[in-house]
Amino acid sequence: MKSIQRRFDDISNKNPYWSSYICFAEAIKQQKFNKESIQIWFNKLVNKDDYDKKDKKTLLDQLYILSNPKT
């Protein structure tokens, strides 16, 4: 699913002062990615200094909801 990386790179380039987590969240927002894709690309793209390891599961759950809104 290279589209996540392409979107992430584009957002990162346009917003150089944003954290990698914020860029990732924008890249997947309302794009209907599955949990596995979100987790794989989160691990590859998001800098580990941008989140606390103990919060990772909660963050991934929230990112899935962001990618797949109920409305």
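Placed above this text is the structure.
Residues numbered from 1 in each chain as written. Predicted model: local features only at pLDDT ≥ 70, side-chain atom pairs only at ≥ 80, totals over all residues. Heavy atoms only, no water.

Novice: Where do I start with helix α3 (residues 35–45) in this structure?
Specialist: Looking only at α3, the buried set comprises S37, I38, W41, F42 and L45. The buried residues of α3 occupy an angular sector of 125 degrees when projected down its axis, which confines them to one face. Opposite its buried face, α3 presents the exposed residues K35, E36 and K44, each directed more than 90 degrees away. Here α3 starts with a cap whose side-chain oxygen sits 3.2 Å from the backbone nitrogen of E36, and that cap is N34. (Buried < 20%, exposed > 50% of the residue type's maximum accessible area, 1.4 Å probe, protein only. Helix = DSSP H or I, 4+ residues; strand = E, 2+ residues; numbered from the N terminus. Arc of directions from axis to C-beta. Polar contact = N/O pair within 3.5 Å; in protein donor to acceptor, adjacent residues only side chain to side chain.)

Novice: Any chance you could explain the pattern of salt bridges here in plain terms?
Specialist: Side chains bearing opposite charge may pair, as long as their charged atoms lie close to each other. Across all of its chains, the model carries two salt bridges by this definition. Of the charged contacts in the structure, one is a salt bridge between K14 and D10, with a shortest N-O distance of 3.3 Å. Residue K14 and its partner D10 are located together in helix α1 (residues 2–14), separated by four residues, close to a single helical turn. Under the relative-accessibility criterion, K14 is labelled exposed at 61%. The salt bridge involving K57 is made with D61; its shortest N-O contact spans 3.1 Å. One end of the pair, K57, and the other, D61, are both in helix α4 (residues 56–67), four residues apart, so they sit about a helical turn from each other. (Salt bridge = Lys/Arg side-chain N within 4 Å of Asp/Glu carboxyl O.)

Novice: Quick question: what am I supposed to make of the packing of aromatic side chains here?
Specialist: This structure, assessed with the given rule, holds three aromatic pairs. Measuring from centroid to centroid gives 5.8 Å for F24 and F42, while their planes differ by 80 degrees, and the two rings are edge-to-face. Linking F24 in helix α2 (residues 20–28) with F42 in helix α3, this pair joins segments that are 18 residues apart in sequence. In this structure F42 comes out as buried when scored by relative accessible area, which is 0%. Ring geometry for F42 versus Y51: centroids 5.0 Å apart, planes at 50 degrees, classification tilted. Members of the aromatic cluster, each reached through a chain of ring pairs, are Y21, F24, F42 and Y51. (Phe/Tyr/Trp six-rings, centres within 6.5 Å; stacked < 30°, edge-to-face > 60°.)

Novice: Which parts of the structure should I look at to understand the packing of α3 against α4?
Specialist: The interhelical angle for the contact between α3 and α4, taken along N-to-C directions, is 125 degrees, at an axis separation of 10 Å. Taken together, the axes of α3 and α4 are oblique relative to one another. Both α3 and α4 take part in a crossing whose hand is right-handed. Between α3 and α4, the contacting residues are K35, I38, Q39, F42 and N43 on the first element and K56, L60, L63, Y64 and S67 on the second. Among the residues forming the contact of α3 with α4, the class breakdown is five nonpolar, three polar and two charged. (Axes fitted to C-alpha atoms, helices over the stretch in contact; angles between N-to-C directions. Parallel < 35°, antiparallel > 145°, perpendicular 65-115°, else oblique. Left-handed = near helix turned anticlockwise from the far one by under 90°. Contact = heavy atoms within 4.5 Å. Nonpolar A, V, L, I, M, F, W, Y, C, P; charged D, E, K, R; others polar.)

Note that every value here comes from positions in space, so none of it alone points to a role or purpose.
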